[in-house]
Number of protein chains: 2
Amino acid sequence: MLPSSLQKLIDELAKLPGIGPKTAQRLAVHLLRSPNSRIKPLGEALLSLKDGLSFCEECWYVTETSPCNICSDESRDKTKVCVVEEVLDVVAIEKTGKYKGLYHVLHGVLSPIDGVSADQLKIAELFNRLDRHPEIKEIVLATNPSLEGEATALYIQKYLEGKNIAITRIARGLPIGADLEYADSVTLGKALLNRTDY
Amino acid sequence: MLPSSLQKLIDELAKLPGIGPKTAQRLAVHLLRSPNSRIKPLGEALLSLKDGLSFCEECWYVTETSPCNICSDESRDKTKVCVVEEVLDVVAIEKTGKYKGLYHVLHGVLSPIDGVSADQLKIAELFNRLDRHPEIKEIVLATNPSLEGEATALYIQKYLEGKNIAITRIARGLPIGADLEYADSVTLGKALLNRTDY
């Protein structure tokens, strides 16, 4: 029905997560009506995405140099490593400006249902890194407060038990702007248990 | 913060309609973790999108040949022209299999609020086409049943009044599977007014 080059673009767009066939159609027709000066940069950005881009061998963050900017930044606190699930979690934490240590990106979470086991994540690389760097004194577990995130945090904590490394977990509690009345009871319970001095 | 090639892709993705900065980030990181065999086809589909692709000079549908497959299809009823807003509306109508005439794509609707007037649409081209093709006996107005769609339909109907061309409008009524109780009163009113013999 549609010309093949348009159909091909729709098919490729529909493979992206969260983009269904209808959205793919709409995006493709939008692009078709855009000038070439709008389409070309996107196409080129895609084709050159991986040029010179890799993951830092130390922390597995995405980088153009290895070790990455964060690992090689001398001003950062090299005694702390914050363990996160995804590359974008690093961006989110960096935006807060409240953390000056290093990172370790797991690239996923333990999820038996999705068939994700420890060897598909960068967990062995984390343990190996701790062995190589005895200066690391604190592991901040910053996986998501979801079932899988908690399980992954627990897995790491169990392994590190007995070693001379402090293990902390980001606080669970009410987000800023939340309403006690509408908070779920697990979150409210955590907020009460983990109350801090005022 | 992020490597420049990744940031560039995020920026380009965020320019697409309905894709905000967060979705763009998520898509870009997803692509980054995909093998090159998944990224390349999308990039190439974008770069070659407009190669040999244009709009049919007759009906303004997207095509690789002019006139397009629909206009040059001898088996179609050339006395009917269905006027639609967008390229994808043609696809939607073709899927029903209930229409065998020709099309005319307006590429938009009259919308004073968005500054879209008749000369930005393919309306003059429609009137011109009717002059050149006296065999056209019916215009099916299939613009959306929205404020702008109705205004555009009315504009075309006013112009064609008095000419020897039947003007019809796609039926407004309850969609299949709808619930009378929850239908809005305008739709229900139209459904009552336009009731058909049973």
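Notes on the structure follow. (Residues numbered from 1 in each chain as written. Chains lettered and ligands numbered in written order. Predicted model: local features only at pLDDT ≥ 70, side-chain atom pairs only at ≥ 80, totals over all residues. Heavy atoms only, no water.)

### Points about empty space enclosed by the protein
No. 1: Counting across every chain of the model gives three cavities of 30 Å³ or more.
No. 2: Lining the largest cavity are H30, L31, S34, R38 and L42 of chain A together with E12, K15 and L16 of chain B.
No. 3: For the lining of the largest cavity, a count of residues per class yields three nonpolar, two polar and three charged.
No. 4: A volume near 50 Å³ is recorded for the second largest cavity.
No. 5: In terms of lining residues, the second largest cavity is bounded by E12, K15 and L16 of chain A together with H30, L31, S34, R38 and L42 of chain B. (1 Å grid on protein atoms, 1.4 Å probe; cavity = no way out; pocket = protein on both sides within 12 Å on 5 of 7 lines; lining within 4 Å. Points joined across faces, edges and corners; volume = space filled by probe spheres on them. Nonpolar A, V, L, I, M, F, W, Y, C, P; charged D, E, K, R; others polar.)

### Notes on the state of the cysteines
All names here are of chain A.
No. 1: Enumeration according to the criterion identifies zero disulfides over all chains in this entry.
No. 2: C59 carries a free sulfur, and the closest cysteine sulfur to it, the one in C68, is 3.6 Å from it.
No. 3: The class of C68 is buried, set by a relative accessible area of 2%. (Disulfide = S-S within 2.5 Å. Buried < 20%, exposed > 50% of the residue type's maximum accessible area, 1.4 Å probe, protein only.)

### Topic: the packing of helix α3 (residues 36-47) of chain A against helix α3 (residues 36-47) of chain B
No. 1: Across the interface, α3 of chain A lies against α3 of chain B with an axial gap of 8 Å and an inter-helix angle of 160°. Taken together, the axis directions place α3 of chain A and α3 of chain B in an arrangement best described as roughly antiparallel. Along this stretch, α3 of chain A crosses α3 of chain B, giving a crossing that reads as left-handed. Across from I39, K40, L42, G43, E44, L46 and L47 of chain A in α3 of chain A, the residues of α3 of chain B making contact are I39, K40, L42, G43, E44, L46 and L47 of chain B.
No. 2: Along the lines of polarity and charge, the residues of the contact of α3 of chain A with α3 of chain B split into eight nonpolar, two polar and four charged. (Axes fitted to C-alpha atoms, helices over the stretch in contact; angles between N-to-C directions. Helix = DSSP H or I, 4+ residues; strand = E, 2+ residues; numbered from the N terminus. Parallel < 35°, antiparallel > 145°, perpendicular 65-115°, else oblique. Left-handed = near helix turned anticlockwise from the far one by under 90°. Contact = heavy atoms within 4.5 Å.)

### Focus on the environment of V62 of chain B
All names here are of chain B.
No. 1: In this structure, V62 sits in strand β2 (residues 62-63).
No. 2: Under the relative-accessibility criterion, V62 is labelled buried at 2%.
No. 3: Along the primary structure V62 and V105 are separated by 43 residues, whereas in three dimensions their C-alpha atoms are 9.3 Å apart.

### Points about the pairing of strand β6 (residues 166-169) of chain A
No. 1: Examined bridge by bridge, strand β5 (residues 138-141) of chain A and β6 of chain A share four bridges and lie parallel to one another. Across the sheet, residue L141 of chain A finds its bridge partner in β6 of chain A, namely R169 of chain A. (Pairing = 2+ DSSP bridges.)

### Topic: the pairing of strand β4 (residues 101-105) of chain B
On a regular strand, each side chain points to the face opposite its neighbour's, so the side chains alternate between the two faces of the sheet.
Residues and elements named next belong to chain B.
No. 1: Burial runs high along β4: five of the five residues are buried.
No. 2: With five bridges connecting them, strand β3 (residues 77-84) and β4 associate as parallel partners. When the sheet's bridge partners are listed, C82 is paired in β4 with Y103.
No. 3: Where the polypeptide runs from β3 across helix α4 (residues 87-96) and back to β4, its parallel neighbour, the crossover connection is right-handed. (Right-handed = clockwise from strand over helix to strand, strands pointing away.)

### Digging into the packing of helix α1 (residues 4-13) of chain B against helix α2 (residues 21-33) of chain B
Residues and elements named next belong to chain B.
No. 1: One can describe the packing of α1 onto α2 by two numbers: an axis separation of 8 Å at closest approach and a directional angle of 130°. What the angle tells us is that α1 and α2 run oblique. The handedness of the crossing between α1 and α2 comes out as right-handed. Here L6, L9, I10 and L13 of α1 lie close against α2, whose contacting residues are P21, A24, Q25, L27, A28, L31 and L32.
No. 2: Along the lines of polarity and charge, the residues of the contact of α1 with α2 split into 10 nonpolar, one polar and no charged.

### A short note on the packing of aromatic side chains
No. 1: A complete count under the given rule lists four aromatic pairs over all chains for this structure.
No. 2: The ring of W60 of chain A carries the charged tip of K122 of chain A above its face, separated from the ring centre by 4.1 Å. (Phe/Tyr/Trp six-rings, centres within 6.5 Å; stacked < 30°, edge-to-face > 60°. Lys NZ or Arg CZ within 6 Å of the ring centre and 35° of its normal.)

### Regarding unusual backbone geometry
With glycine set apart, most residues show a phi of negative sign, and most peptide bonds adopt trans.
Residue and element names in this part refer to chain A.
No. 1: A positive phi angle, near 65°, is found at W60, a position not held by glycine.
No. 2: Within the secondary structure, W60 is located in the loop between β1 (54-55) and β2 (62-63).
No. 3: For W60, a relative accessible area of 13% corresponds to the buried category.
No. 4: Notably, H107 is not glycine yet its phi reads approximately 60°, a positive angle.
No. 5: Secondary-structure assignment places H107 in the loop between β4 (101-105) and α5 (123-132).
No. 6: H107 gets classed as buried once you look at its relative accessible area, which sits at 15%.

### Description of the nonpolar core
No. 1: Grouped together as the largest cluster of nonpolar side chains are 114 residues, with contacts concentrated most on Y61 and I139 of chain A together with Y61 and I139 of chain B.
No. 2: Not counting residues up to four positions away in its chain, the partners in contact with Y61 of chain B are M1 and L2 of chain A together with S54, F55, C56, I70, V87, V90, V91 and V105 of chain B. (Core = buried A, V, L, I, M, F, W, Y, C linked by side-chain atoms within 4.5 Å.)

### Focus on the pattern of salt bridges
Residues and elements named next belong to chain A.
No. 1: Evaluation of the coordinates by the stated rule reveals 18 salt bridges over all chains.
No. 2: Here E58 and R132 are joined by a salt bridge, their closest N and O atoms 3.6 Å apart. Taken together, the positions of E58 in the loop between β1 and β2 and R132 in helix α5 put the pair 74 residues apart, joining distant regions of the chain.
No. 3: For R132, a relative accessible area of 44% gives the class partly exposed.
No. 4: Between K80 and D77 there is a salt bridge, with its nearest N and O atoms 3.0 Å apart.
No. 5: Given a relative accessible area of 26%, K80 falls into the partly exposed group.
No. 6: Accessibility expressed as a relative area gives 26% for D77, which makes it partly exposed.
No. 7: Within the structure, one salt-bridge network assembled from shared partners comprises E58, R129 and R132. (Salt bridge = Lys/Arg side-chain N within 4 Å of Asp/Glu carboxyl O.)

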